[in-house]
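In case you want the letters, here they are:
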Amino acid sequence: MTTIILGIFEEGLVYAIMALGVYITYRILDFPDLSVDGTFPLGAAFTATGIAGGFIHPAAALPLSFLLGAMAGCVTGLIHVKLKVRDLLSGIIVMTALYSINLRVAGKSNLPIFSKDTIFSNPWLERTIPQALRPYTVTIILLVIVLICKLLLDAYLKTRSGYLLRAVGDNDVLVTSLAKDKGMVKIIGLAIANGFAALAGSVYCQQKGFFEISTGTGTIVIGLANVIIGTQLFKRFGFVKSTTAVIIGSIIYKACVSLALLLGDLTLTFGNITVSFPVTASDLKLITSILFLIILVASSSRGKKVKSHA
């Protein structure tokens, strides 16, 4: 049971980093950014290649992956702002291009780094971490990374640039009236969001010990689910910051997916006929889609009830 709980926290914390980026595009900018599905594996591809080749320190791979993701986010923003391409299409274009770029970076569709040092497994950690805490090493490191990301994002959102970012999502005319370029503000927001996605990919790669080209598939769905769960659950709790809610939502979402897998067979009874559907790890994407649909319907229904009472 302890192993399952630790696994839920570890997976939830990894995707919480990416969800912080999705929070920027979905909640703040109101921008359906599908390029996240490409920037997540971009960070993983860069990290795996650097660590496997021995020319990038595992810790240095984190900020470098963030910068790469930010560059990809800038491309999405430039396509949308400067070339006047619709937001959804801009993300799709970059996501599609990044598939080929990720393969170029990694050199192949699957690149293992099991035998290499990572931020979760290296001689320094073995010398530093007490024996009693070693089973929780991965969870502790992930928690530290997530907290740093959260605190930095909270600090940024309190700056002048952060307030402009919020204003663009709420009322872009206000930003223009302040003699600020709303297009540039959007590009900055997309850069930060995709930076977080690539950073999450780098962390994911080092945690799992490999890069796989398909790891980015459905990333945006997971991120949106995390954001919606967190923001909806803590909507009425003003003392809980949105970034904190997103992180908790990520862990809750992962717990729901793990519970669905643990339940085993799905059995449906129609009169005297019983049909059984064995649930396995290969059904993860299906479970993800169903959970996301349930979350969307539930949040939509709740919103309607609140309006009707008002």
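Rules used throughout
- Residues numbered from 1 in each chain as written.
- Predicted model: local features only at pLDDT ≥ 70, side-chain atom pairs only at ≥ 80, totals over all residues.
- Heavy atoms only, no water.
- Helix = DSSP H or I, 4+ residues; strand = E, 2+ residues; numbered from the N terminus.
- Rg over C-alpha atoms; globule rule 2.2 N^0.38 Å.
- Buried < 20%, exposed > 50% of the residue type's maximum accessible area, 1.4 Å probe, protein only.
- Contact = heavy atoms within 4.5 Å.
- Areas by Shrake-Rupley, 256 points an atom, 1.4 Å probe, with all protein chains shown as cover.
- Lys, Arg positive; Asp, Glu negative; His and termini not counted.
- Charge placed at Lys NZ, Arg CZ, Asp CG, Glu CD.
- Salt bridge = Lys/Arg side-chain N within 4 Å of Asp/Glu carboxyl O.
- UniProt positions renumbered as here; feature names shortened; annotations may be inferred.
- Core = buried A, V, L, I, M, F, W, Y, C linked by side-chain atoms within 4.5 Å.
- Expected span 1.5 Å × (residues − 1).

Per an unreviewed UniProt entry, the chain goes by ABC transporter permease and derives from Enterocloster bolteae.

Can you help me understand the overall build of the chain in this one?
The helix and strand tally for the chain stands at twelve helices and four strands. Against the compact-globule benchmark of 19 Å for 310 residues, the chain has a radius of gyration of 20 Å, which places it among compact chains. Structurally, the chain occupies a C-alpha span of about 60 × 55 × 40 Å along its principal axes. Within the chain, the fraction of its 310 residues that count as buried is 46%. Considering only intrachain contacts with a sequence separation of at least 6, the fraction spanning at least 24 residues in the chain is 75%. For the chain, the accessible surface area stands at approximately 15800 Å², while carbon and sulfur atoms represent 68% of it. The distance from the centre of the 26 positive side-chain charges to the centre of the 15 negative ones in the chain is 7 Å.

How should I be thinking about the pattern of salt bridges in this particular structure?
Between side chains of opposite charge, a pair can form when the charged atoms approach closely. Counting across every chain of the model gives three salt bridges. The residue glutamate 11 makes a salt bridge to lysine 208 at a minimum N-O spacing of 2.4 Å. Of this pair, glutamate 11 sits in helix H1 (residues 2-28) while lysine 208 sits in helix H9 (residues 182-208), and the two are 197 residues apart along the sequence. Between lysine 150 and aspartate 154 there is a salt bridge, with its nearest N and O atoms 2.6 Å apart. Of the two residues, lysine 150 and aspartate 154 both sit in helix H6 (residues 137-157), four residues apart, roughly one turn of that helix. For lysine 150, a relative accessible area of 11% corresponds to the buried category.

Which parts of the structure should I look at to understand the UniProt feature "transmembrane region" (unreviewed entry) in the chain?
Those residues carrying the UniProt feature "transmembrane region" (unreviewed entry) are residues 12-29, 62-81, 88-107, 133-153, 187-204, 210-231, 243-263 and 275-298 in this numbering. Between the C-alpha atoms that bound residues 12-29 there is a distance of 24 Å. The span itself is 94% helix and 0% strand. The span residues 88-107 shows a helical share of 95% and a strand share of 0%, and its end C-alpha atoms are spaced 29 Å apart.

Any chance you could explain unusual backbone geometry here in plain terms?
In terms of backbone geometry, most residues other than glycine have negative phi values and most peptide bonds are trans. Positive phi, close to 55 degrees, is recorded for aspartate 30, a residue that is not glycine. On the basis of relative accessible area, aspartate 30 is assigned to the exposed category, the value being 58%.

Which parts of the structure should I look at to understand the nonpolar core?
The tendency in soluble globular proteins is for nonpolar side chains to be buried as a group. Counting residues in hydrophobic clusters, the biggest one holds 60 residues, and the most contacted among them are Ile17, Met18 and Val203. Those elements that provide at least two residues to this core are H1, helix H2 (36-53), H6, helix H7 (160-170), H9, helix H10 (219-233), helix H11 (242-262) and helix H12 (284-309). Among the elements that take part in this core, H1 stands out by supplying 13 residues, more than any other. Not counting residues within four places of it along the chain, the set of residues in contact with methionine 18 comprises Val36, Phe40, Phe196, Ala197, Ala200, Thr219, Ile222 and Gly223. Of all hydrophobic cores here, the second largest spans ten residues; its members include Ala45, Ala48, Cys205 and Phe211.

I tried to follow H10 on my own but got confused; where do I start?
Note: α-helices contain 3.6 residues per turn, so residues at a spacing of three or four share the same orientation. Here H10 is 15 residues long and its end C-alpha atoms lie 21 Å apart, about the 21 Å a rise of 1.5 Å per residue gives. Where burial is concerned, most of H10 is hidden: 13 out of the 15 residues are buried.

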